[in-house]
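Topology and contacts: notes
Listed below are the residues making up each chain.
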Amino acid sequence: MIHVEDVHKSFGDFPALAGVSFSVADGRATALLGPNGAGKTTLMRTLVGLLKRDRGAVSIDGIDPDKDPMGARRNVGLLTDQFGLYERLTTREYLEYFGQINRMDKAAINRRIEEVTELLGLGEFLERHCKGFSQGQRIKVALARTLLHRPRNLLLDEPTRGLDVMSTRALRRALTKLREEGCSIILATHVMQEVTNLCDDVIVIANGRTVAQGTPLQLCEQTGIANLEDAFVHLVGTEEGIAA
Amino acid sequence: MMPQFLVVMIKELKEALRDKRTLNIMLMMVFMYPGLVGFMLHNQIQKATKTERTGIDIVMIGAAQAPNLANYLRQKSVNITEKDAMSEADIGKLLGEKKMAAVLKLGDKFGEYYGELRPAPMELWFDSAVEKQAQRRELETMLRDYGNGVASARMLAHGVSPATLSPFALQRFDTADSLTRSNTRIGFFLGMFFVPVCIFGLAAAIDSTAGERERRSLEVLISQPMRAIDLVAGKWLAASALAAIGLICELSVAHAVLKYLPLEEIGISWRVDLPTLALVIAAAMPLCLMVGALQVAMAMNSRTFKEAQATAGIVTFIPILPVMIVPALELNTQNWMYAVPLLSNQTMFQALATGQTLGALPYVLACALPLLLTAAAVGFAAHRMGSEKYVLGV
């Protein structure tokens, strides 16, 4: 369960977040839409306590990341646009490293590596050094790391970029399963097909503010536009949203 | 469960030891410097024992005029090649070949003047740019001694005691033994053995901080449920561990080289035993911790590996300065020297290598400042790693 209420964050005079509010219940997948520079990265960093908000409230399963960032992070799996792979480690060693950092014991790490390997199809490159991995392989490994410690909340920034159709479908199935298991998922994306296929709700932010929240259907009804992409552009008030 | 800083440290070490760049630097430093010192000392030994083994090669012009002198020189291991007259150009050419230490030319009137008890003309030609000056000086001493002998005999023949010319009877007593001589002869080398400590872990310190930023993997790491101090400590200890491993290997190689060389030939000796070597290494551990911490604290502020090489390179250079400057000042050992990182290790190694017993104070001083600087650097790095400004830069 992720709850965000009227969060503000400024860097000097620049308001990166100027009143973001939304809730993501357990077992729900929510798409986070917004043009480039809307404040998505700042929001994600605020949710895991890397940045401290100026005002407002944030709760990750009841934990305030400003007060207990370690507690909040234990319940979060974060996938940003930085994959964070190490070229001189194998995929298995990489996953073991993050498992240990997340205080998992050896047996649990091995068990989870088997599970995520099956879930994301890592088998071919599990024992290979990460150097020279394709974009698809890199994102799969990064996703495996995100899911390894069974977080109750997932913050995913464009998880399907660079994936082929088969891998994208596999990822969708994996996320659907996680949602059914009760995970809250926030999915920052620019791909509307992903939103309609995977997400229960949509949050649209622009200029650091929440401009709309609801189901895809509700957004279309709210704007009076049948196509979600057009509705999004209308809400954001610029063509920039689809340019990205 | 393993502490998080240990998890990070082991991962960083694993990566560093798989990195050819780090390994090559380590191997080069471990073998290059002890090898260089060994080579220089070996050369000194070779030079010192060369005369004894092969004698001094000279050309003597007009030797027929002074057969006794020639025989005297031959008895003193001087290999004489007799020649008739040679032009200045020929002499210069001969010496330029660097085979002869000198050309001893007796003047045409040598025999005549010698017989008349007048100073007999004699010329010594040498090339001061050629490395045979010790042999040339040795030859001059022989000529002086021979001349003194002849002068004494002449004085006796005239009823004058040769002792008249020696108002003093000077005797020399050198209280230095081979150990203390070692101190001055190889003290500088000993200090230089600690310089690579600043280089062994440098690549790993940079790769694990600026390198992570450049590869864009640091954000993932700082988003994990791990305190900044654990992350920094892991990276710091990995860099310091490499510095310590490198130092242990390097000093072991140096110890083997110095034990193997016949240093007695040049009047010095290497009597450091393994427990003393272990003590020197143990006293250098705070230095390793300090260097790793400073390198991580400096390198983490750079965005690229190359940029960090410049900033963290400063840390490498600063501790080396006292080791270069202080020995040149030829100061006696003072307690403050034990308080300066790296210089303290050099001073301590010199003292222990020359058989001195050190009290507790030098050890306390040698540990104090490095440990204080380590704490400051790690504290700064952890604070910076956790700051918003840093997060925005990754």
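All values reported here derive from a predicted model rather than from experimental measurement. (Residues numbered from 1 in each chain as written. Chains lettered and ligands numbered in written order. Predicted model: local features only at pLDDT ≥ 70, side-chain atom pairs only at ≥ 80, totals over all residues.)

Across its full length, chain B carries 19 helices and 4 strands. Principal-axis analysis of the C-alpha atoms places the extent of chain B at approximately 100 × 45 × 30 Å. Relative to its 394 residues, chain B shows a buried fraction of 39%. Counting contacts in chain B only where the partners sit at least 6 residues apart, residues at least 24 apart contribute 76% of the total. (Helix = DSSP H or I, 4+ residues; strand = E, 2+ residues; numbered from the N terminus. Buried ≥ 20, exposed ≤ 12 C-beta atoms within 10 Å, placed from the backbone. Contact = placed C-beta atoms within 7 Å.)

Take the overall build of chain A next. Helix and strand counts for chain A come out as 10 helices and 9 strands. Taken over the C-alpha trace, chain A has a radius of gyration of 18 Å; the compact-globule value for 244 residues is 18 Å, and the two agree within 12%. With respect to the three principal axes, the spread of C-alpha positions in chain A is 50 × 40 × 30 Å. Across the 244 residues in chain A, those meeting the buried criterion constitute 45%. (Rg over C-alpha atoms; globule rule 2.2 N^0.38 Å.)

Each side of the interface is counted separately: chain A has 23 residues, and chain B has 20 residues. Elements that contribute at least two residues to the side of chain A that touches chain B include exactly helix 2 (69–74) and helix 3 (91–101) of chain A. The greatest single-element share of the side of chain A that touches chain B, amounting to 4 residues, is contributed by helix 3 of chain A.

A few words on the domain arrangement of chain B. Entries for chain B in the domain assignment read domain 1 (4–45 + 178–393) and domain 2 (55–165). The distance between the C-alpha centroids of domain 1 of chain B and domain 2 of chain B comes to 55 Å. (Domains from an automatic or database assignment.)

It is worth spelling out helix 15 (residues 305–317) of chain B at this point. All names here are of chain B. Its 13 residues give helix 15 an end-to-end C-alpha distance of 18 Å, which sits within 8% of 18 Å, the value for a rise of 1.5 Å per residue. Thr311 marks the point of greatest bend in helix 15, at about 25°. Regarding helix 15, the residues found buried are Ala308, Ala312 and Val315. At its buried positions, helix 15 is contacted by helix 9 (202–207), helix 10 (210–214) and helix 14 (285–299). (Expected span 1.5 Å × (residues − 1). Bend = angle between axes of the 7 residues up to and from the residue.)

For the rest of this paragraph, the subject is the sheet that holds strand 2 (residues 14–24) of chain A. Across a sheet, paired strands are connected by hydrogen bonds in the backbone, their directions being either parallel or antiparallel. Residue and element names in this part refer to chain A. Taken in spatial order, the 3 strands make up an open sheet running 2-1-4, and their pairing is antiparallel. The two strands at the open ends of the sheet, each matched to only one other strand, are strand 2 and strand 4 (55–60). The sheet shows a mean angle of 20° between the axes of neighbouring strands, direction not considered. By the bridge criterion, 8 bridges tie strand 1 (residues 2–11) to strand 2 in an arrangement that is antiparallel. Residue pairing in the sheet places Phe11 in a bridge with Phe14 of strand 2. Each of strand 1, strand 2 and strand 4 touches helix 1 (residues 40–47); the most contacted strand, strand 2, lies at about 65° to it. (Pairing = 2+ DSSP bridges. Axes fitted to C-alpha atoms, helices over the stretch in contact; angles between N-to-C directions.)

Here the focus is the packing of helix 14 of chain B against helix 15 of chain B. Residue and element names in this part refer to chain B. Close contact between helix 14 and helix 15 brings their axes to 9 Å; oriented N to C, the two are set at 145°. Like other packed secondary-structure pairs, helix 14 and helix 15 cross with a definite hand, here right-handed. Each of Leu294, Gln295, Met298 and Ala299 in helix 14 lies in contact with helix 15, whose residues at this interface are Ala308, Thr311, Ala312 and Val315. For the contact of helix 14 with helix 15, the per-class residue count stands at 6 nonpolar, 2 polar and no charged. (Left-handed = near helix turned anticlockwise from the far one by under 90°. Nonpolar A, V, L, I, M, F, W, Y, C, P; charged D, E, K, R; others polar.)

A word on helix 1 (residues 4–17) of chain B. Between its first and last C-alpha atoms helix 1 of chain B spans 20 Å; for 14 residues at 1.5 Å apiece the expected length is 20 Å, and the two agree. Within the span of helix 1 of chain B, buried status applies to Gln4, Phe5, Val7, Val8, Met9, Lys11, Glu12, Glu15 and Ala16 of chain B.

Glancing now at the domain arrangement of chain A. As a measure of interface size, the accessible area lost when the parts come together is often cited. Residue and element names in this part refer to chain A. Each assigned domain of chain A is listed with its residue range as follows: domain 1 (2–75 + 152–243) and domain 2 (84–150). Distance from the C-alpha centre of domain 1 to the C-alpha centre of domain 2: 25 Å. Listed by partner, the interface residues are 10 residues for domain 1 and 9 residues for domain 2. Examining the composition of the side of domain 1 that touches domain 2, we find that 4 residues originate from one element, helix 6 (residues 165–180), more than from any other. Partitioned by chemical class, the residues of the side of domain 1 that touches domain 2 number 6 nonpolar, 2 polar and 2 charged.

Residue and element names in this part refer to chain A. Among the 5 residues that make up strand 6 (residues 153–157), 4 are buried, leaving the element largely enclosed by the rest of the structure. Looking at chain direction, strand 6 and strand 7 (residues 184–188) are connected through 5 bridges and run parallel. Each residue of the ladder has a partner; that of Leu154, found in strand 7, is Ile185. Between the parallel elements strand 6 and strand 7, the chain passes through helix 6 in a crossover that is right-handed. (Right-handed = clockwise from strand over helix to strand, strands pointing away.)

Residue and element names in this part refer to chain B. Here Leu6 shows up in helix 1. Taking the C-beta count within 10 Å as the criterion, Leu6 has 15 such neighbours and is therefore assigned partly exposed. Considering only alpha carbons, one finds Leu6 and Cys198, 192 residues apart in sequence, at a separation of 22 Å.

Residues and elements named next belong to chain B. Judged by pairing direction, the sheet is mixed, and its 4 strands sit side by side in the order 2-1-3-4 without closing on themselves. With one partner strand each, in any of the chains shown, strand 2 (78–83) and strand 4 (122–125) form the two edges of the open sheet. The average angle at which neighbouring strand axes cross in this sheet is 25°, direction not considered. Note that strand 1 (residues 56–61) and strand 2 share 6 bridges and pair parallel.

With that settled, the discussion passes to the nonpolar core. Counting 155 residues, the largest nonpolar core has Ile186, Leu187 and Val204 of chain A together with Val197 and Val296 of chain B as its most contacted members. The leading source of residues in this core is helix 12 (residues 228–260) of chain B, at 15 residues. In terms of nonpolar packing, the next biggest core, distinct from the first, is built from 19 residues, Ile58, Met60, Ile61 and Met100 of chain B among them. (Core = buried A, V, L, I, M, F, W, Y, C linked by C-beta atoms within 7 Å.)

It is worth spelling out the confidence of the model for chain A at this point. All names here are of chain A. For chain A, the mean per-residue pLDDT works out to 89, and 97% of the residues sit at or above 70. Per-element confidence in chain A is highest for helix 3, whose mean pLDDT is 97, and lowest for helix 10 (residues 240–243), whose mean pLDDT is 44. Predicted confidence for residues 240–244 stays below pLDDT 50, and this span has 11 contacts to residues more than four positions away or in other chains. (pLDDT = per-residue confidence, 0-100.)

If you trace the backbone, Ile56 of chain B turns up in strand 1. For the pair Ile56 of chain B and Lys98 of chain B, spaced 42 residues apart in sequence, the C-alpha to C-alpha distance is 12 Å.

On to the packing of helix 12 of chain B against helix 14 of chain B, then. Residues and elements named next belong to chain B. Two elements in contact, helix 12 and helix 14, have axes separated by 8 Å at closest approach and are oriented at 135°. In terms of orientation, helix 12 and helix 14 fall into the oblique class. For the element pair helix 12 and helix 14, the recorded crossing hand is right-handed. From helix 12, Val232, Lys235, Trp236, Ala239, Ser240, Ala243, Ala244 and Leu247 reach across to helix 14, where they touch Met285, Cys288, Leu289, Val291, Gly292, Ala293, Gln295 and Val296. The residue makeup of the contact of helix 12 with helix 14, split by class, is 12 nonpolar, 3 polar and 1 charged. (Parallel < 35°, antiparallel > 145°, perpendicular 65-115°, else oblique.)

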